[in-house]
Structures are given as structure tokens and as C-alpha cells.
Amino acid sequence: MSKSSAAANGHALWQKMPKANAELFALTYGTLVTELVRDYETTEEINEQLEKMGYSIGVRCVDEFLAKADQAGMTIPSCRAFGETAEVLAKTGFRMFLGISVEVQMISDSSFSLLIYENPLSLFVELPADPKWKDLHYSNLYCGILRGSLEQVNLKVECTFVKDVLRGDDVNEIRVELKEVLQDGAGEEYQEE
Amino acid sequence: MASSSSNNGSSGANQLLLFVIVGKNEPLYEAEFHKTGTAGASDSVTRQNYFVLHSALDLVEKAAWTTNNMYLKVVDKVNQQQVSTYLTAGNIKFMLLHGGRSEDSIKNFFSDVYELYVKLSMNPFYRYDTPIASKSFDTRVRAVARRYLS
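Here the structure is a predicted model, which is why all the values come from computation and not from measurement.

About the cut-offs
- Residue positions are given per chain, counted from 1 along the sequence in the order it is written.
- Each chain gets a letter, beginning with A, and each ligand a number, beginning with 1, in the order they are written.
- pLDDT decides what is reported in this predicted model: residues at 70 or higher carry local features, side-chain atom pairs at 80 or more are listed and counted, and totals for whole chains, interfaces and linings draw on all residues regardless.
- Water and hydrogen atoms play no part in the side-chain values, which are based on all heavy atoms of the structure.
- Strands are labelled as partners when DSSP assigns at least two bridges between them.
- Secondary structure is summarised from DSSP: a helix means a run of H or I of at least four residues, a strand means a run of E of at least two, and numbering begins at the N terminus for each.
- Axis definition: a line fit to C-alpha positions, over the contact stretch in the case of helices; interaxial angles, taken between N-to-C directions, run 0 to 180 degrees.
- For this analysis, residues touch if any pair of their heavy atoms sits within 4.5 Å.
- For patch building, the residue pool is restricted to those with more than 30% relative accessible area and no salt bridge; the joining distance is 9 Å between like charges and 5 Å between nonpolar side chains (Val, Leu, Ile, Met, Phe, Trp, Tyr).
- Accessibility throughout is a Shrake-Rupley quantity obtained with a 1.4 Å probe, and a residue counts as covered only by protein chains that appear here.
- Note on definitions: salt bridges are taken to be side-chain nitrogens of Lys or Arg within 4 Å of carboxyl oxygens of Asp or Glu.
- Charged residues are defined here as Lys and Arg on the positive side and Asp and Glu on the negative side; His and the ends of the chain fall outside this count.
- Charged side chains are reduced to one point each, which is NZ for Lys, CZ for Arg, CG for Asp and CD for Glu.
- Each residue is assigned to one of three classes by its accessible area relative to the maximum for its type, calculated with a 1.4 Å probe on protein chains only: buried under 20%, partly exposed between the two thresholds, exposed over 50%.
- The scheme is simple: roughly parallel for angles under 35 degrees, roughly antiparallel for over 145, roughly perpendicular for 65 to 115, oblique for anything else.
- With the far helix as reference, a near helix turned anticlockwise by less than a right angle produces a left-handed crossing, and one turned clockwise produces a right-handed crossing.
- Polar here means any residue outside two lists: the nonpolar Ala, Val, Leu, Ile, Met, Phe, Trp, Tyr, Cys and Pro, and the charged Asp, Glu, Lys and Arg; Gly therefore counts as polar.

A. A look at the sheet that holds strand S5 (residues 93-98) of chain B. All names here are of chain B. Sheet architecture is open: five strands sit in the order S2-S1-S5-S4-S3, paired in antiparallel fashion. Two strands close off the open sheet at either side, each with one partner strand: strand S2 (27-34) and strand S3 (71-78). Here the average twist between neighbouring strands, direction ignored, is 15 degrees. As judged from the seven bridges shared by strand S1 (residues 16-22) and S2, these two strands associate in the antiparallel manner. For valine 22, the partnering residue across the bridge sits in S2 and is proline 27. Lying over the sheet, helix H3 (residues 103-121) contacts S1, S2, S3, strand S4 (81-87) and S5, oriented at roughly 145 degrees with respect to S5. Each of S1, S2 and S5 is contacted by helix H4 (residues 135-149), which is oriented at about 45 degrees to S2, the strand it contacts most.

B. Region of interest: the sheet that holds strand S3 (residues 155-163) of chain A. Residues and elements named next belong to chain A. On the basis of which strands lie adjacent, the open sheet formed by four strands has the order S1-S2-S4-S3 and antiparallel pairing. Each edge of the open sheet carries a strand with a single partner, namely strand S1 (102-108) and S3. Neighbour-to-neighbour, the strand axes of this sheet turn through a mean angle of 25 degrees, independent of strand direction. Looking at chain direction, S3 and strand S4 (residues 172-181) are connected through eight bridges and run antiparallel. Opposite glutamate 158, over in S4, you have glutamate 177 as the bridge partner.

C. Here's a closer look at a negative patch on the surface. Taken together, Glu41(A), Glu44(A), Glu45(A) and Asp135(A) make up a surface patch of like negative charges. Given a relative accessible area of 53%, Glu44(A) falls into the exposed group.

D. Structural view of the environment of Leu115(A). Residues and elements named next belong to chain A. Within the secondary structure layout, leucine 115 lies in strand S2 (residues 111-116). Leucine 115 sits in the buried class, given a relative accessible area of 10%. Distance in space between the C-alpha atoms of leucine 115 and serine 101 is 9.1 Å, their sequence separation being 14 residues.

E. Expanded view of the packing of helix H4 (residues 82-98) of chain A against helix H5 (residues 141-152) of chain A. All names here are of chain A. Here H4 crosses H5 at 120 degrees, and the two axes come no closer than 13 Å. When the axes of H4 and H5 are compared, the pair comes out oblique. Between H4 and H5 lies a crossing of right-handed hand. Counted together, Thr85, Leu89, Phe94 and Leu98 of H4 and Tyr142, Leu146 and Leu150 of H5 form the full contact between these two elements. The residue makeup of the contact of H4 with H5, split by class, is six nonpolar, one polar and no charged.

F. The pattern of salt bridges, seen in detail. Residue and element names in this part refer to chain A. Scanning the entire structure with this criterion turns up eleven salt bridges over all chains. When the shortest N-O distance is used, the salt bridge between glutamate 35 and arginine 38 registers 3.2 Å. On the criterion of helical spacing, the pair formed by glutamate 35 and arginine 38 is a turn pair, its members being three residues apart in helix H2 (residues 22-39). Note on glutamate 35: relative accessible area 39%, which makes it partly exposed. With a closest N to O distance of 3.9 Å, glutamate 48 and lysine 52 form a salt bridge. Linking glutamate 48 with lysine 52, this pair stays in helix H3 (residues 43-71), spanning four residues, or about one helical turn. Taking the relative accessible area as the measure of exposure, glutamate 48 reaches 46% and is therefore partly exposed. A relative accessible area of 44% means that lysine 52 is categorised as partly exposed.

Set out below in C-alpha cells:
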């Protein structure tokens, strides 16, 4: 799928999605993270919980993505290379759900980085100065969403935050690595006899 | 008042500004602004200033009943100094001890600090009515003070 058509699709789908107030969205996510901070002791546990929540969301996102695209009359062909997956995720997926544009940087055939410049989740957020917060990936939900949605299309990936604006870097960078391409998970019962 | 401060009292009054944000139980933020060129105030003058602000708190409560505005103007005058106050919607008091500045510049200062305060309180990690430790808030408040009050 060419880059420009992915971006155009993303833009068209974004127009059709129901919108929510950005501040409400950011504040709700903020209270979610502070609740997790109160419940768990270490930043690893908090990151893990955020990733798990993201996973459940991602599993549902991909269905909605394909359904809405179908409704809008656009075809999203199966990706022939991991790079195409990256482009579709960044330009169409993120655009459709969050209205932001995300850049792709290919690292190798089986891994790429997503560069997010404006993060709607971290509006108004400033991490406290305490050094133990350095390891908190505030927007780790994204990593879970990516893992969940790609698993539904049989791509097992691992996502981690490499750079984070809240910790002083100039851009948010998520590294996505392909671990394996799964066999169709329908199970033996459904296979044709 | 203490005679040691008489030297600094009248000449320092115009240049020393003390800005305190007071919550329900305790001060949440303090900042002293000096005009460039003057030395920092001596210890006794500083403590006297805090005392003046503290004693003005009762007058703030009284003034709050009289008006619907958030900006309460000058609530107390002592020696050469005046205390102006701004009351936020959540009953947090911004108090400024100054030696006579125009109403307009103080009002603008308070509005800008209020905006900074609202943005700070949207940070999910900041709990309402707790001391403010954010360095960026401090830098920005000082920049606003430099813009309107010197």
C-alpha cells in the first residue's frame, strides 16, 4: 500500500470517527495512571499493567479498523512486507483513532520505530522530579495496543518505548520488533476435513 | 518593628516582592522577586515579610465576603508595603507583598499566574492543595514576574 494512499485513507477514516474532547481524554488517562501508581509499588508493574490494558484495547481496535475501512469503501490489502504494516499502522491506524500523524523509521526487515511527535495522552503531564519515575512509560498503553492489534492479524511483536518526551527527549519513539508470524489460529476443529 | 530593618525598610520596599500561594492549611509555593541590582534582603526583613503576609490572611477572608471578583486588590497596608490578593475558584490564595505597583500590572501578573496554576493542576501527578515542587512552574512564574513587576 503506497504511503500517500495510506495517509489519505487515514485522513478519510478520521473524518468519519466520532470525536471526544481531547482534554477529557487526557485527564481520564491521567487519573488512570495515578490510580495505578497508587495501587502498584514498582514502575515495572505499572508499565506492565498499562501494556496489558493496551493489549485488550488493541485486540478490539483492529476489528474496528478493518470494519470501518470496509464501510468507507476502501480496501486495505494484506501487507507483503513488515514495512507495509508499519506504514499502515502509522499513517492509517494512528490517524484514524487519534488524529495524529506518526512517522515510520525502518530499522531492519523485522523491526521499525514509530516516532510520535504530539501525544494526546500526555497533555499537561509532567513527571515528578523523583528519580524513581524515570522508568515509568506514561504512554505504555500504545505498546499494548500495537501488540494486541498485530497479534490478531497473526504477527507476534514486542513493543517498547525507546524515547519519551516526558523524560526529556524530543520525540516519543516506540520500537516494534517482529518475533514470529503465527499460523492461522483457528484451531483444528475448524480445519476442513 | 525591628530597627535593623529600618535601613532596608523604605529603600528595599519598592524592590522586594514576595509572592506566596496559600492553600487551606499551609503555603504551597513561595517566591521572592528582587529588582536586578539590589542585594537580597536580609534575614530579618524576609521574616518580617512572611509575618506581614500571614497576618493579612484574616483580612483576605473578610474581603472575600464583600466581592464576587477573584481579584481582591489591596487587602492590607503596613509600613510602606501593601498586600494584594487573588482568590482562585478553589479557594487558593495568591498573595503578593509589594511596595506600590500599579493595579493593572498586579492584576495581569495574577491572571497569568492563575493560568500557570490551572495548567499545573491538570497534571495528574499533582494533588490539589499540596506544595508545588515543579521547577518549570517556578521558572515560568519568575518569568511572568519579570514581565509585569519590574
